[in-house]
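Here is what each chain is made of, one letter per residue.
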Amino acid sequence: MNDQLLWFASRGSGIVSLLLLTAVTVLGLISIVRWQRPTWPRFVTADLHSNLALLSVVFVGVHIVAAILDPFAKLGISAAVIPFDSSYRPLWVGLGVISVYLVIALIVTSLLRERIGQRTWRAVHWVAYGAWPLAVLHSAGSGSDAFAAWMVTIEAACIVAVTIALTWRLVAARNIRNELPLVVAATTASHAPFADTDR
Amino acid sequence: MIQPRLLAGPPAAAGAETLSDHVARLGSLPGVERDLVRTITASGLLGRGGAAFPVGRKLHAVAARSLGDARLLVNGAEGEPLSAKDRALMASRPHLILDGALLAANAIGAREIVLYVGSAHREGQLALARAVSERRRLPLRVRLVSAPHAYVAGEESAAVHFINQGDARPTVTPPRPFERGIDDMPTLVQNVESLAYLALIARFGEDWYRQAGRGQTPGTALVTVSGAPNGGVREVEMGTRIGEIAQMSGLGPHDSDAVLLGGYFGRWTTRDLGWALPLDPVLLQSAGAPFGTGVLSFLGMGQCGVAATAAILDYMAAQSAAQCGPCVFGLRSIADTTRAVASEVATSSDLGRLERWAGQIDGRGACRHPDGAVGLLLSAMTAFAADFETHSRRSGCLANVARPSLEVAA
Amino acid sequence: MTPALEAAAKLVVDPIVCDGHGMCAEVLPELIELDDWGYPILVAPLVPAYLEPLAKRAAAACPVLALRLIPR
């Protein structure tokens, strides 16, 4: 029964982590396109994004600990911290390890953003586009019930959600780019009034 | 009217004064024994780049921070199209400017002089370049840099930004150049006219300088007059009244009723209030008007003040550095709306909107470019209040211009 | 003046970095309004003590760190 418990805990927390990470990614993309409603100001999107990210760390932590303790998974600590070091499906587990490291980098830099400055923070935040796909691949390849219908459904839903949000972000790119120089350049005035400039 | 000082000597048409002529006329460069900062402070010389900041105080601020590694930026960008004094001075008296630069550089402990000259001012660039080569064994490095042809390129922080990073857009201050400028060193940014006067004061003393001047501010100044038969650059005594200058420039009592004072970033004023105003930075400031860059652009009787303001605002909007939202969108909005008023397609609520935006835009950019545009607009709405009123009611232009044209000839 | 109203800090906006996101005005409407184009106007730059925690949140909420809370 205890073995079953660890296995359920590992799987369950893993799935919740994936769902949370999916939500975090979607909220991040919604934040970029500056979507808002009178009842949903933009700081709500931003705060939810960061709070769910922190929550996902908790569940990932449970997932990793349960997986290590589970005797049937045969995973040691080194498998959890060194990518591709596990004897059980090294590739898929390794992708998960990398994904966790990326998430940690994102969270740590975000907590220290005022200290490290905007530019550094932004540069690191680009790895966000890698963290979620790696988590999906890890979940598809590592679980022993990866092909169960319900599991496939969950993963498909996550992929659909992020795809829609990403498409929205790419389409809305026009609204996001820096329009100040464009507004100024659109002005037709070229000559200086009253002035004889050919001196 | 006293004798010209900066413009004394051969006429401008004679071109750049050579080193030998310059020395023959004025004597050689004064030695370094005089305490220049004290002398300049005592003279009351005010900066001629537009802010009228006391030159002595600026010299002191940089000298106090310099460890012998300060920089001097000689500002000859003259991005204000209505002003021609700097280019005229550079083209005809380059050695006077160089004298001033060398003296100031010595006083602040600088190890480099950068001559920042507007790219459109070809004669000035050539004259200064030739003048530098005429001098042998300069005590420090002197280089000539061509300033981009843009309105804000002559702004202090923009000039320093361009020297440091090739980007002539203003930066957020603090820190100001006197604290950290070129190469992060204390930098003195001084207009060419200010340095030319400095060179004269170093030779003839602060008392000599103070012999001229009718009001609060001593000395003389260069002004650029346009919109008049005898316009152009002239040297006038501080405190000369605008009406006198109008007369000197050939304007009769029925030729003009309004003048733009200071530059595009300045203020309109009408004959009733303005002709009695003295050209004195301190006295003008208490009257809410700027001396600016000594621009006096008279508006002819057949010209519409609203249309003129709209054209200038359009230009100011186009010259925004495009860094700050309130400037980019704000100037665009007030320019478009003023143009609508001038073209008689606006309503009275548009006038209210102009005032609202003026309040929103002022002081919210990194530099004072939007402030200048707002100041111009508000002064126009006061000076041409009746015109704005009739235009917004679409009942014609008081200047009797059948179709107000925005293509105003110089 | 009661301690809660005394101001020990003030808000400053870097107008060049500011991109008009407007989150600051959402978090701190007591002191920050948006102009007609979505850019922040600091109605009262001095922050009374009782609003300081919110002001810190507003500065942290800015996506580009244009808003800063500095000692007075």
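A few points on the structure. (Residues numbered from 1 in each chain as written. Chains lettered and ligands numbered in written order. Predicted model: local features only at pLDDT ≥ 70, side-chain atom pairs only at ≥ 80, totals over all residues. Heavy atoms only, no water.)

1. Some points on the overall build of chain A
Part 1 of the argument: Looking only at helices and strands, chain A features 10 helices and 0 strands.
Part 2 of the argument: Going residue by residue from the N terminus, the α and β elements of chain A occur as α-α-α-α-α-α-α-α-α-α.
Part 3 of the argument: Across its three principal directions, the C-alpha atoms of chain A cover 90 × 35 × 30 Å.
Part 4 of the argument: Per-residue burial over chain A gives 35% buried out of 199 residues.
Part 5 of the argument: Here the contacts in chain A between residues at least 6 apart in sequence split such that 65% fall between residues at least 24 apart.
Part 6 of the argument: Here chain A displays about 11,500 Å² of accessible surface, and carbon together with sulfur accounts for 70% of that area.
Part 7 of the argument: Of the side chains in chain A, 14 bear a positive and 10 a negative charge, and the two mean positions are spaced by 6 Å. (Helix = DSSP H or I, 4+ residues; strand = E, 2+ residues; numbered from the N terminus. Buried < 20%, exposed > 50% of the residue type's maximum accessible area, 1.4 Å probe, protein only. Contact = heavy atoms within 4.5 Å. Areas by Shrake-Rupley, 256 points an atom, 1.4 Å probe, with all protein chains shown as cover. Lys, Arg positive; Asp, Glu negative; His and termini not counted. Charge placed at Lys NZ, Arg CZ, Asp CG, Glu CD.)

2. Quick notes on helix α14 (residues 325-342) of chain B
Part 1 of the argument: The end-to-end C-alpha distance of α14 of chain B is 25 Å, a good match for the 26 Å that 18 residues give at a rise of 1.5 Å each.
Part 2 of the argument: Of all 18 residues in α14 of chain B, 16 are buried; the element is thus mostly enclosed. (Expected span 1.5 Å × (residues − 1).)

3. Things to note about the pattern of salt bridges
Residues and elements named next belong to chain B.
Part 1 of the argument: Within this structure, the stated rule accounts for 28 salt bridges over all chains.
Part 2 of the argument: Across the salt bridge formed by K85 and D86, the nearest N and O atoms sit 2.9 Å from each other. No difference in accessibility class separates K85 from D86, as the two residues are buried.
Part 3 of the argument: Put simply, D99 and R203 hold a salt bridge, and the shortest N to O gap is 2.7 Å. (Salt bridge = Lys/Arg side-chain N within 4 Å of Asp/Glu carboxyl O.)

4. What to know about the interface of chain A and chain B
Part 1 of the argument: Opposite the 15 residues of chain A that make contact, chain B presents 27 residues.
Part 2 of the argument: A buried area of about 1,900 Å², summed over both sides, lies between chain A and chain B, and 68% of it is on carbon and sulfur atoms.
Part 3 of the argument: Applying the counting rule to chain A against chain B returns 0 salt bridges.
Part 4 of the argument: Here chain A is connected to chain B by 1 residue pair in polar contact (both at pLDDT 80 or more).
Part 5 of the argument: Taken together, the residues of the side of chain A that touches chain B sort by class into 9 nonpolar, 3 polar and 3 charged. (Buried area = accessible area lost by both parts, 1.4 Å probe. Polar contact = N/O pair within 3.5 Å; in protein donor to acceptor, adjacent residues only side chain to side chain. Nonpolar A, V, L, I, M, F, W, Y, C, P; charged D, E, K, R; others polar.)

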